[in-house]
Amino acid sequence: MTPFHLAFPVRDLEQTRAFYADVLGCAIGRSSDTWVDFDLYGHQMSAHLRPGVQEAARDGQVGGIVVPIPHFGVVLEMADWTALAERLEARDDVEWIEKPQVRFKGEPGEQATLFICDPSGNALEFKGFKSMDKVFAH
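These lines cover the structure that appears in this document, whether it is placed above or below. (Residues numbered from 1 in each chain as written. Predicted model: local features only at pLDDT ≥ 70, side-chain atom pairs only at ≥ 80, totals over all residues. Heavy atoms only, no water.)

### Observations regarding the environment of Thr34
Considering the arrangement of structural elements, one finds Thr34 in the loop between β2 (27–31) and β3 (35–40). Note: C-alpha distance between Thr34 and Arg50 (16 residues apart in sequence) is 8.5 Å. With residues near it in sequence (within four places) discarded, Thr34 still touches Leu13, Ala47, His48 and Leu49. (Helix = DSSP H or I, 4+ residues; strand = E, 2+ residues; numbered from the N terminus. Contact = heavy atoms within 4.5 Å.)

Structure follows, in structure tokens:
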């Protein structure tokens, strides 16, 4: 796997550290007064302080479900996705956009998905596949 890097805006670094470390289980990397790096399933996520950042608009649509655009996240093996979904559902401090569900059931691109928001309103989607060779199936 080759990791990707994503820099994204956040309103408050301490809230962001707590969310990505405690809620999502990310290791914390380098940081400064204006940014912090996280390891999100092997990918480098850099949260940059931008106090005026706006939440993503919830006006996209996939398979008849309204989704926020933009959003980002990770495609996971089903066992990892299930563990994450169970961990998130057990918490009472998660802002759900879309609870865990299966999309495109019985089709080549069948996937489990969930959407949550971080404290700055950034929308995250986590997808789970039984087989990674089905990620781009159509």
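And the narrative resumes.
### Points about the layout of surface pockets
Left-over empty space is what a probe sized like a water molecule reveals as it rolls over the atoms. Computed from the structure, the largest pocket encloses a volume of approximately 160 Å³. Looking at the largest pocket, it is lined by 13 residues, and the ones nearest its centre are Met78, Glu110, Gln111, Phe129 and Lys130. When residues of the lining of the largest pocket are traced back to their parent elements, those giving at least two are α2 (78–89), β9 (111–117) and β10 (123–129). In the lining of the largest pocket, the residues fall into six nonpolar, three polar and four charged. (1 Å grid on protein atoms, 1.4 Å probe; cavity = no way out; pocket = protein on both sides within 12 Å on 5 of 7 lines; lining within 4 Å. Points joined across faces, edges and corners; volume = space filled by probe spheres on them. Nonpolar A, V, L, I, M, F, W, Y, C, P; charged D, E, K, R; others polar.)

### Observations regarding the sheet that holds strand β7 (residues 72–77)
The four strands are arranged β7-β10-β9-β8 in an open sheet whose pairing can be described as mixed. With partners counted over all chains shown, the strands left at the sheet margins are β7 and β8 (95–103), one partner each. Between one strand axis and the next, the sheet turns through 15 degrees on average, direction left out of account. Where β7 lies against β10, six bridges are found, and the strand directions are parallel. Bridging from a neighbouring strand, Leu76 pairs with Gly128 of β10. Together, β7, β8, β9 and β10 form the strand contacts of α2, whose direction differs from that of β7 by roughly 125 degrees. (Pairing = 2+ DSSP bridges. Axes fitted to C-alpha atoms, helices over the stretch in contact; angles between N-to-C directions.)

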